[in-house]
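This is what each chain is made of:
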Amino acid sequence: MSLDQRITLFRYEEKHEEKFKDQLLSFQLPPEQAEFTGLPEETLQDACTDAGKMGVVIAQGDRAVGFFVLHTGEGIADFFQDYSGAVLLRAFLMDYSSQGQGFAKAAMALLPDFVRRHYPEAEQIVLAVNERNIPAGQLYARAGFQDYGLRRSGSKGPQLILQYELATEAVAPAAHG
């Protein structure tokens, strides 16, 4: 079984609360990682109430192993000025107990099709990563995100703005939703 078939990505909605909310709220990260991202306890409520944001669960079967937020619209102009065709990937994280098993790599492989499915008008995925967060930067680079020299000053220091151009080919059928 290939790694990308071991996990799924799905939009976190009210119907998932009973099954996944407690798991997401129990996610933990060591301090050296927590400084770079928001845990679901900090981002989940906003992702559920802000129409421009979508919370996304990375799951292995019935177990949440990761979480991130997709953000669109004018609210991302502080991160990326040419926001009209962009989807901002925010707060990407893997629960500490699930790290080192290839789940982040698999989630990044599934991300382009997931974005195409939910945001068919999107031309690209963008993200901001702290330049000191070397492991995350390497993950994003291996997933095909490009550094075109855009920078942003963040609360924890300089951030690289990375971009992933979405191809216009048809989305392959998949079971992740």
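Calculation rules
- Residues numbered from 1 in each chain as written.
- Predicted model: local features only at pLDDT ≥ 70, side-chain atom pairs only at ≥ 80, totals over all residues.
- Heavy atoms only, no water.
- Core = buried A, V, L, I, M, F, W, Y, C linked by side-chain atoms within 4.5 Å.
- Buried < 20%, exposed > 50% of the residue type's maximum accessible area, 1.4 Å probe, protein only.
- Helix = DSSP H or I, 4+ residues; strand = E, 2+ residues; numbered from the N terminus.
- Polar contact = N/O pair within 3.5 Å; in protein donor to acceptor, adjacent residues only side chain to side chain.
- Contact = heavy atoms within 4.5 Å.
- Phe/Tyr/Trp six-rings, centres within 6.5 Å; stacked < 30°, edge-to-face > 60°.
- Lys NZ or Arg CZ within 6 Å of the ring centre and 35° of its normal.

Student: Could you give an account of the nonpolar core, with specific residues and numbers?
Tutor: Among the nonpolar cores identified, the biggest contains 34 residues, and Leu70, Leu89, Phe92 and Tyr140 are the most heavily contacted of them. For this core, the element with the highest residue contribution is helix H5 (residues 103–118), accounting for 9 residues. Counting 15 residues, the second largest nonpolar core, distinct from the first, contains Phe27, Ala64, Phe67 and Leu93.

Student: Please set out the environment of Ala167 residue by residue, giving values where relevant.
Tutor: With respect to the element layout, Ala167 can be found in the segment after strand E7 (157–165). Separated by 43 residues in sequence, Ala167 and Gln124 place their C-alpha atoms 8.5 Å apart.

Student: An account of the side chain of Gln163 is needed here, citing residue identities and associated values.
Tutor: Topologically, Gln163 is positioned in strand E7. With relative accessibility at 8%, the residue Gln163 sits in the buried group. At a separation of 2.8 Å, a polar atom in the side chain of Gln163 contacts the side chain of Gln124. Apart from residues no more than four positions distant in its own chain, Gln163 is found in contact with Phe80, Gln124, Ile125, Val126, Gly144, Phe145, Gln146, Tyr148 and Leu150.

Student: Describe the packing of aromatic side chains, and please don't skip the residues or the numbers.
Tutor: Each aromatic ring pair is described using two quantities: the centre-to-centre distance and the angle formed by the ring planes. Taken as a whole and judged by the stated rule, the model has 5 aromatic pairs. Summarising the aromatic geometry, the rings of Phe10 and Phe20 are spaced 5.1 Å apart at their centres and angled 50° between planes, so their arrangement reads as tilted. Linking Phe10 in strand E1 (residues 8–11) with Phe20 in helix H2 (residues 17–25), this pair joins segments that are 10 residues apart in sequence. Ring centres of Phe92 and Tyr140 lie 6.2 Å apart, and the angle between their planes is 75°; on these two criteria the pair is classed as edge-to-face. Placement of Phe92 in strand E4 (residues 86–94) and of Tyr140 in helix H6 (residues 134–142) is noted, with a sequence separation of 48 residues between them. One exposure class covers both Phe92 and Tyr140, and it is buried. Counting every residue linked through ring pairs, the aromatic cluster contains Phe68, Phe92, Tyr140, Phe145 and Tyr164. Note that Arg152 overlies the ring of Phe79, its terminal NZ or CZ placed 3.9 Å from the centroid.

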